[in-house]
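Fold and contact review
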Amino acid sequence: MKMKKWQLLSCKFLPILTAFGILIIGAFLGAFIESVPFTPLLSLAFGIAFLYILPGYSIMLLFDFDAVERLIIGIPLSIAIIGVGNSWLNTIFGSINAFTSVLLVVLCVAFSIIWQLKSSQSKASTIRENEHQSL
Amino acid sequence: MNKSTVIIISILVLIGLFVRLAPTHLNVSENMPPVITSWDVFWHTTFTKWIVDSHNSDIMPSYKTGGIPALSPEPRILPINSAALTWFTGIPAYQTAFIFTALMSLIVVLLIFVVVRRYFGETAGIITLFLGIVPVSAQTWFFQMMVGFWRDFGAMAMALAGIIILLQGLEAGLSWKHSAVIGILFSGALMAHAQEFFFYAPFLGGVVVLWMLFKKTTWHSLIKTGVALLIAIVLSINFLSMMNTSYQVGGSLAQGLSTLGTFQQMQSYFPSPSLPAIFTILIIAGLGISALNFKKLSITKLSILALWFFFLFVSFSRFIGLNSNYTTRQIYMGYALLLLPAVIAIMFIISLINAKVSKKVTGIAIIILGFVYVLSFAPTSYSQFSNLKSSFGDKAHWDAIIWIKDNTPKDAKVFALSGYEHEFYTFSERTVFKGDLGLQHTQTNIQQLCNQQIPEKFRGEWGYWLYNNPKGYAVSRIGYSDFNHEMISDFNVSIENDTKSQEPLSKFNYVLFQHSGEQWSPCMQWFKQQMINNNHHVVYENEEMAIVKL
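Residues numbered from 1 in each chain as written. Chains lettered and ligands numbered in written order. Predicted model: local features only at pLDDT ≥ 70, side-chain atom pairs only at ≥ 80, totals over all residues. Heavy atoms only, no water.

Another point: the overall build of chain A. Along its length, chain A carries four helices and zero strands. Classification of the 135 residues of chain A by burial places 44% in the buried group. Restricting the contact set of chain A to residue pairs at least 6 apart, pairs at least 24 apart contribute 49%. (Helix = DSSP H or I, 4+ residues; strand = E, 2+ residues; numbered from the N terminus. Buried < 20%, exposed > 50% of the residue type's maximum accessible area, 1.4 Å probe, protein only. Contact = heavy atoms within 4.5 Å.)

The subject of this paragraph is the state of the cysteines. Residues and elements named next belong to chain B. Under the definition given, this model contains one disulfide over all chains. One disulfide bridge connects Cys450 with Cys523, the sulfur atoms lying 1.9 Å from each other. Between Cys450 and Cys523, the S-S torsion sits near 95 degrees, and that sign places the bridge as right-handed. You can see Cys450 sitting in helix H20 (residues 440-450) and its partner Cys523 sitting in helix H22 (residues 521-533), a full 73 residues away along the chain. (Disulfide = S-S within 2.5 Å.)

By the definition in use, this model includes ten salt bridges over all chains. Of the charged contacts, one joins Asp66 of chain A and Arg117 of chain B as a salt bridge, the two residues approaching to 2.9 Å between their closest N and O atoms. Remark: Arg117 of chain B occurs in helix H4 (residues 93-120) and Asp66 of chain A occurs in the loop between helix H2 (38-60) and helix H3 (67-93); the pair is interchain, linking two chains. One salt bridge connects Arg118 of chain B with Glu69 of chain A, and the closest N-O pair in it is separated by 2.8 Å. One end of the pair, Arg118 of chain B, is in helix H4; the other, Glu69 of chain A, is in helix H3, on a second chain. By sharing partners, the salt bridges in this structure join Lys49, Asp53, Lys405 and Glu429 of chain B into a single network. (Salt bridge = Lys/Arg side-chain N within 4 Å of Asp/Glu carboxyl O.)

Interface size is commonly expressed as the accessible surface area that is lost when the partners come together. Contacts between the two partners involve 60 residues from chain B, matched on the other side by 54 residues from chain A. Both faces combined, the contact of chain B with chain A buries some 4,500 Å², and carbon together with sulfur accounts for 76% of it. A per-residue breakdown of the area chain B buries against chain A is headed by Leu14, Phe88 and Lys177 of chain B, which together make up 14% of the total. At the junction of chain B with chain A, the criterion picks out two salt bridges. Our enumeration of links across chain B and chain A arrives at twelve residue pairs in polar contact (both at pLDDT 80 or more). Where the side of chain B that touches chain A is concerned, the elements lending two or more residues are helix H1 (3-21), helix H3 (77-89), H4, helix H7 (150-172), helix H8 (176-192) and helix H11 (219-248) of chain B. Broken down by element, the residue count for the side of chain B that touches chain A peaks at eleven residues, all from H4 of chain B. The residue makeup of the side of chain B that touches chain A, split by class, is 40 nonpolar, 15 polar and five charged. (Buried area = accessible area lost by both parts, 1.4 Å probe. Polar contact = N/O pair within 3.5 Å; in protein donor to acceptor, adjacent residues only side chain to side chain. Nonpolar A, V, L, I, M, F, W, Y, C, P; charged D, E, K, R; others polar.)

Residue and element names in this part refer to chain B. Contact pair H1 / helix H5 (residues 122-133): the axes reach a minimum separation of 9 Å and the direction vectors enclose 15 degrees. Considering their axes alone, H1 and H5 lie roughly parallel with respect to each other. The interaxial crossing formed by H1 with H5 has left-handed handedness. From H1, Thr5, Ile8, Ile9, Leu12, Val13, Ile15, Gly16, Val19 and Arg20 reach across to H5, where they touch Glu122, Ile126, Leu129, Phe130, Gly132 and Ile133. (Axes fitted to C-alpha atoms, helices over the stretch in contact; angles between N-to-C directions. Parallel < 35°, antiparallel > 145°, perpendicular 65-115°, else oblique. Left-handed = near helix turned anticlockwise from the far one by under 90°.)

On to the pairing of strand E7 (residues 510-514) of chain B, then. All names here are of chain B. E7 sits mainly inside the fold: five of its five residues count as buried. Side-chain alternation along E7 places Tyr510, Leu512 and Gln514 on one buried face and Val511 and Phe513 on a second face that is also buried. Pairing between strand E1 (residues 413-416) and E7: three bridges, direction parallel. Considered in E7, the bridge of Ala416 is made with Leu512. Note: E7 against strand E9 (residues 545-549), five bridges, orientation antiparallel. Counterpart to Val511 in the pairing with E9 is Val548. (Pairing = 2+ DSSP bridges.)

This part is about the sheet that holds strand E6 (residues 501-503) of chain B. Residues and elements named next belong to chain B. Taken in spatial order, the seven strands of this open sheet run E6-E3-E2-E1-E7-E9-E8, and their pairing is mixed. Looking at which strands have only one partner, the edges of the open sheet turn out to be E6 and strand E8 (537-541). Averaged over all pairs of adjacent strands, the angle between their axes in this sheet comes to 35 degrees, without regard to strand direction. Across four bridges, E8 lies against E9 in antiparallel orientation. Bridge assignment links Val538 to a residue of E9, and that residue is Val548. In this fold H20 packs onto E1, strand E2 (431-434) and strand E3 (458-462), with an angle of close to 150 degrees to the strand it touches most, E3.

Any two packed helices are characterised by the angle at which their axes cross and by the distance between the axes. All names here are of chain B. Packing of H4 against H5 brings their axes to within 7 Å, and their N-to-C directions diverge by 160 degrees. By the angle class used here, H4 and H5 are roughly antiparallel. The hand of the H4/H5 crossing is right-handed. On H5, the residues touching Leu106, Val109, Leu110, Ile112, Phe113, Val116, Arg117 and Phe120 of H4 are Glu122, Ala124, Gly125, Ile126, Thr128, Leu129, Gly132 and Ile133.

Attention now moves to the nonpolar core. Among the nonpolar cores identified, the biggest contains 104 residues, and Tyr52, Ile73 and Ile79 of chain A together with Leu78, Leu111, Met158 and Ile165 of chain B are the most heavily contacted of them. Take this core: its biggest share by element is 19 residues, from H4 of chain B. (Core = buried A, V, L, I, M, F, W, Y, C linked by side-chain atoms within 4.5 Å.)

As paired strands, E1 of chain B and E2 of chain B are joined by four bridges and run parallel to one another. Its bridge partner lying in E2 of chain B, Ala416 of chain B is registered against Lys434 of chain B.

Bringing the packing of aromatic side chains into the picture now. Residues and elements named next belong to chain B. Here the structure, examined in full by the defined rule, presents 16 aromatic pairs over all chains. Each member of the aromatic cluster is reached from another via a ring pair, and the members are Phe415, Phe433, Phe458, Phe508, Phe513 and Phe527. Seen from the ring of Trp176, Lys224 lies directly overhead, with NZ or CZ sitting 5.1 Å from the centre. (Phe/Tyr/Trp six-rings, centres within 6.5 Å; stacked < 30°, edge-to-face > 60°. Lys NZ or Arg CZ within 6 Å of the ring centre and 35° of its normal.)

If you trace the backbone, Ser87 of chain A turns up in helix H3. Residues contacting Ser87 of chain A, with those up to four places away along its chain left out, are Ser57, Asp58, Arg76, Ile80 and Met191 of chain B.

A separate point is unusual backbone geometry. Residues and elements named next belong to chain B. The backbone of His55 shows a phi angle near 60 degrees, a positive value even though the residue is not glycine. Take His55: it is sitting in the loop between helix H2 (39-54) and H3. With a relative accessible area of 28%, His55 lands in the partly exposed category. The phi torsion at Gln452 lies on the positive side, around 60 degrees, for a residue other than glycine. Along the polypeptide, Gln452 turns up in the loop between H20 and E3. Overall, Gln452 belongs to the exposed group, its relative accessible area being 53%.

A word on a nonpolar patch on the surface. A grouping of Ile25, Leu29, Phe32 and Ile33 of chain A together with Phe18 of chain B is seen on the molecular surface, where their side chains present a nonpolar patch of about 500 Å² in accessible area. The biggest single contributor to the nonpolar patch is helix H1 (residues 2-34) of chain A, with four residues. Within the secondary structure layout, Leu29 of chain A lies in helix H1. (Patch = residues over 30% accessible without salt bridge, like charges linked within 9 Å, V, L, I, M, F, W, Y side chains within 5 Å. Areas by Shrake-Rupley, 256 points an atom, 1.4 Å probe, with all protein chains shown as cover.)

Don't take any of this as a statement about function, it's just geometry.
Structural data, given as structure tokens:
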């Protein structure tokens, strides 16, 4: 059971870690080939992963796509979420900042986790009901 | 998916990032733009900077509207994103805006990769990614980045992502979850570029209608797709209502049509588009006809047909006079989609080779041909990149811009007598009357100075840009759907295609000009001396630029 959980976790987190790894390698190469300071490139890699990959990828976990598709389709979805969300927050509260973007990312991740937990619980109860009926 | 595929995709993505960003000699620590770009990139960059500084994406920078606090009908999704990246990383907005544009360019290619991989297989997908990323393709994309079509990139990326989710939903059973996410994506596309988005509507309609006809899909799918569009409109309503209002400011809807007409003037932005466009349309037409002959009905066939309809619509829009510029623009924006015929041709050749020789020999031949392909085009691409780079980043110009920003009141009016059109008004963050050494109105000014005459009124262009607004009006929101329209007092259109004005020097606080390094320098030296003789002070001077306080 523990193995299954770990497999499930790695299945969901490995793609996003791989994407972050590619960005880190990109930052290294940028610093090495273009002589650009590494620290801002590293923060850039982290910023891109956090803002443009994480929220969309979290939502894409709710759909039946493979890891590469989730990652790639998740990027424009993140951009839409950050953009549309901030635009409305701007209209409602009069200003936006780093916090509003972080809030939107956290909300997306939280929503995705809650939805997945809910759907896995309902799946489990359906299986139990079926097992009970078969008995 | 095996490890080698992941590694190939990762390497191609890294090459894509490198090809797009390395030629700009991006320096993430510098607070100045990395390369020469055109008006669009300058505006996106400055709008990002404005959002970063003001924490407000709804209103225009005051120096863009003559001091009036006006709403911005600018597509704001993309500058909001690059502003968020700026806040998050601390990297200057001038850099993040450009990095974001490069990312968007790459994302569109990656999305086409997803479509091709999903419906044509892994090999076809990787060939698509390769073709979209290697220099010859990147050169075309780079041109768009230079011109600054990031709102087009954004609209296309979000619309494509929505269409992919819609296709998957139609295959697996469209749910309300699909509708919600497609709605968010389409609202993003609408707010990235509303006009652009509506050009994807035939593609979207084609997919759904074909699916209904051939797959006997229930009406629920159509309703759920409709709900997705409704969600998109509701999420964008705050922005779209303002755009409609801005169209009406001039008193008639005809203003909107004339705004569309102005895009036709931008035709000169595109390097010789006619032949490739015609060639491409012929290929797409042939592909569509061949798709009709497929024996087995499949999603691949439906996608190709929908793609065909999309391009037919866009292509014929030229002949019905809908918007000729957008036809060409779509051909360029749809460039990644056009990789598909090339990929099919390559796959066909591979299958022919495979039939004759072993797979191993085919693989080696493909790798060798790939290298030849890259090496053949790389020098041309990089020479174009380096030419682009040399045009902006003149330190003397930049120092003058910084001086204005740091040493003049925020409401100062600056006349850029012999500047280049965009840089001073965009980056100085002041109300600027623009000159452009490449345009007739500035050359007329300079000719008069060369004749040792100071014009009674100088010709130039107010550095206002109210996207989709009739020139010279600012719009502010009184209530949710109530707007106030105010004429910008300085806006005095009087000459040449309704964008230029004639203004006396007394209207300005500062005049900025290039006094050395060009053939007209003696004329500018004379002008400078006349200003000094008239008791004005040269408040800033470097080896090229001078600023006189009036």
